[in-house]
Amino acid sequence: MFFKNISFCSAIAAILFFCSCTSDHAAEHSTAELFVMDTVCSVNADKDDIKTISSVLSRIDTALDCFSKSGEIHALNEKRSMNCSEDLCDFIKKTTSLSAEYGNEVIVSGGAVTMLWKEAQKSEILPEKNDILHSLGNIGDNFISFESGNVISLKNECMLDSGAFAKGYALDLCKDVLDSSGNSDYAVISMTSSVLLYGKKPDNSKFNVEIRNPDGNGIIGTVKTDACFLSTSGGYERFFTVDGENYPHIIDLSTGYPTQSDLTSVTVFCDSGILSDYLSTKILIEGTENIENHLESDLYKVAAFDENGNSYISKGLDFHKK
């Protein structure tokens, strides 16, 4: 995917801890690394669950791939109308539902704009202003049409980009696997910028999440948490350079240009993978202007940091600054 790549030390620390356990049940745990969604995914769980999770992630990687010819979203963007898999139909319905409920700062149908910037990254040539303006007229979930069966059609020149939702959605399916099997009392699945912390650790202690400093140097703080999903968005670590100027990878769809947010890092903790993924991007784009409303939510917790070194922490989040 295109826009997310913030490192998490939390998953690595948790995996090292779990592998050091000596109980009989812990011995059934294994660790595997998979390459899916353009990132290394680390899975620590019961060995039988890892096999199922690997299969699910491979399937979802194909369904939500926007860029390779084998990707289902890529095919839909090309064909404009086709019979889609249950996975893709479910994904699109959930993403459009989130945008309808929380706001259209982040939408799956923003590909007409985001793909321009993907091409700019490859060519090191910025998009033309007229091309950006034209593309802005082709974004919006109203351009997605659900027809009979699993047929989905894209209107005008609308294109889909799954990047702000895909990892969180994939982790939701991983949790379904773990819930159904009952094999894993605990698990940690890290897709770099999105993480699932599942069940209870063998000693019943909380999971310890280390959040990197927004300037990329060291750890800014830690969060102790029960099982949850968490996702981080930030522009300081992934960017591309054209003519000596750095451009972050998160695109503000209201302008068609890379975000100019005064927030540098946002981590969202909640009970839904796709919601954490979506909200971390939305809150980053919004910046500090609306941050207080998010800090008061009962549905999710936020740890955010701005360009001046200020912290914005939800009440009740067990955050400890380094």
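Anything mentioned here points back to the structure above.
Residues numbered from 1 in each chain as written. Predicted model: local features only at pLDDT ≥ 70, side-chain atom pairs only at ≥ 80, totals over all residues. Heavy atoms only, no water.

**Concerning the overall build of the chain**
Assigned secondary structure in the chain consists of ten helices and 18 strands. By the compact-globule yardstick of 20 Å for 322 residues, the chain fits well, its C-alpha radius of gyration being 19 Å. Its C-alpha atoms give the chain principal-axis dimensions of roughly 60 × 50 × 35 Å. Put simply, the chain has 322 residues, and 57% of those count as buried. Considering only contacts in the chain between residues 6 or more positions apart, those separated by 24 or more positions represent 63%. Total accessible area on the chain is roughly 13900 Å²; 46% of this is exposed by carbon and sulfur atoms. (Helix = DSSP H or I, 4+ residues; strand = E, 2+ residues; numbered from the N terminus. Rg over C-alpha atoms; globule rule 2.2 N^0.38 Å. Buried < 20%, exposed > 50% of the residue type's maximum accessible area, 1.4 Å probe, protein only. Contact = heavy atoms within 4.5 Å. Areas by Shrake-Rupley, 256 points an atom, 1.4 Å probe, with all protein chains shown as cover.)

**Points about the side chain of Thr95**
Counting through the fold element by element, Thr95 comes out in helix H5 (residues 86-102). A polar side-chain atom of Thr95 sits 2.9 Å from the main-chain carbonyl oxygen of Ile92. Residues within four places of Thr95 in sequence aside, it is in contact with Val108, Phe165 and Ile274. (Polar contact = N/O pair within 3.5 Å; in protein donor to acceptor, adjacent residues only side chain to side chain.)

**Quick word on unusual backbone geometry**
The phi torsion at Arg80 lies on the positive side, around 80 degrees, for a residue other than glycine. Along the chain, Arg80 turns up in the loop between helix H4 (72-79) and strand E3 (81-83). The exposure class assigned to Arg80 is partly exposed, which follows from its relative accessible area of 22%. Its identity as a non-glycine residue notwithstanding, Thr192 has a phi of 70 degrees, on the positive side. Structurally, Thr192 is set in the loop between strand E6 (186-190) and strand E7 (194-199).

**Structural notes on the sheet that holds strand E8 (residues 207-212)**
Here three strands make up an open sheet; going across it, the order is E8-E9-E18 and the pairing antiparallel. Only two strands of the sheet have a single partner each, and these edge strands are E8 and strand E18 (318-321). Taken over all neighbouring pairs, the strand axes of this sheet differ in orientation by 25 degrees on average, direction set aside. As defined by bridge partners, E8 adjoins strand E9 (residues 219-225) across six bridges and the pair is classed as antiparallel. Residue Val209 lies in a different strand from E9, and its bridge partner there is Val223. (Pairing = 2+ DSSP bridges. Axes fitted to C-alpha atoms, helices over the stretch in contact; angles between N-to-C directions.)

**What about the packing of aromatic side chains?**
What the rule picks out here adds up to six aromatic pairs. An angle of 55 degrees between the planes, with centres 6.2 Å apart, marks the rings of Tyr102 and Tyr278 as tilted. Residue Tyr102 is located in helix H5, and its partner Tyr278 is located in helix H9 (residues 273-286); the two are separated by 176 residues in the primary sequence. In this structure Tyr102 comes out as partly exposed when scored by relative accessible area, which is 21%. When the ring of Phe165 is compared with that of Tyr278, the centres are 5.6 Å apart and the planes differ by 15 degrees; the resulting orientation is stacked. In this pair, Phe165 is assigned in the loop between strand E5 (151-154) and helix H8 (166-181) and Tyr278 in helix H9, connecting sequence segments 113 residues apart. A connected cluster of aromatic rings, assembled from ring pairs, spans Phe91, Tyr102, Phe165, Tyr169 and Tyr278. Over the aromatic face of Phe67 sits the side chain of Lys118, whose NZ or CZ is 5.4 Å from the ring centroid. (Phe/Tyr/Trp six-rings, centres within 6.5 Å; stacked < 30°, edge-to-face > 60°. Lys NZ or Arg CZ within 6 Å of the ring centre and 35° of its normal.)

**Some words on the packing of helix H6 (residues 111-123) against helix H7 (residues 129-136)**
Where H6 contacts H7, the two axes come as close as 8 Å, and the packing angle between them is 150 degrees. It follows that H6 is roughly antiparallel to H7 by the angle criterion. Facing H6, whose interface residues are Ala112, Val113, Leu116 and Trp117, H7 presents Asp131, Ile132, Ser135 and Leu136. Considering only residue class, the contact of H6 with H7 consists of six nonpolar, one polar and one charged. (Parallel < 35°, antiparallel > 145°, perpendicular 65-115°, else oblique. Nonpolar A, V, L, I, M, F, W, Y, C, P; charged D, E, K, R; others polar.)

**Points about the sheet that holds strand E4 (residues 144-146)**
Here three strands make up an open sheet; going across it, the order is E3-E5-E4 and the pairing antiparallel. The open sheet has two free edges, formed respectively by E3 and E4, since each of these has just one partner strand. Strand-to-strand twist in this sheet, taken as the mean axis angle between neighbours without regard to direction, amounts to 20 degrees. Summarising the sheet, E4 and E5 pair through three bridges and their orientation is antiparallel. Each residue of the ladder has a partner; that of Ile144, found in E5, is Leu154.

**A few points about the packing of helix H3 (residues 47-63) against H8**
The interhelical angle for the contact between H3 and H8, taken along N-to-C directions, is 150 degrees, at an axis separation of 10 Å. Between H3 and H8, the angle is such that the two are roughly antiparallel. Considering how the two elements wind past one another, H3 and H8 form a crossing that is right-handed. Across from Asp49, Thr52, Ile53, Val56, Leu57, Arg59 and Ile60 in H3, the residues of H8 making contact are Tyr169, Ala170, Leu173, Cys174, Val177, Leu178 and Ser181. Of the residues in the contact of H3 with H8, the class split is ten nonpolar, two polar and two charged. (Left-handed = near helix turned anticlockwise from the far one by under 90°.)

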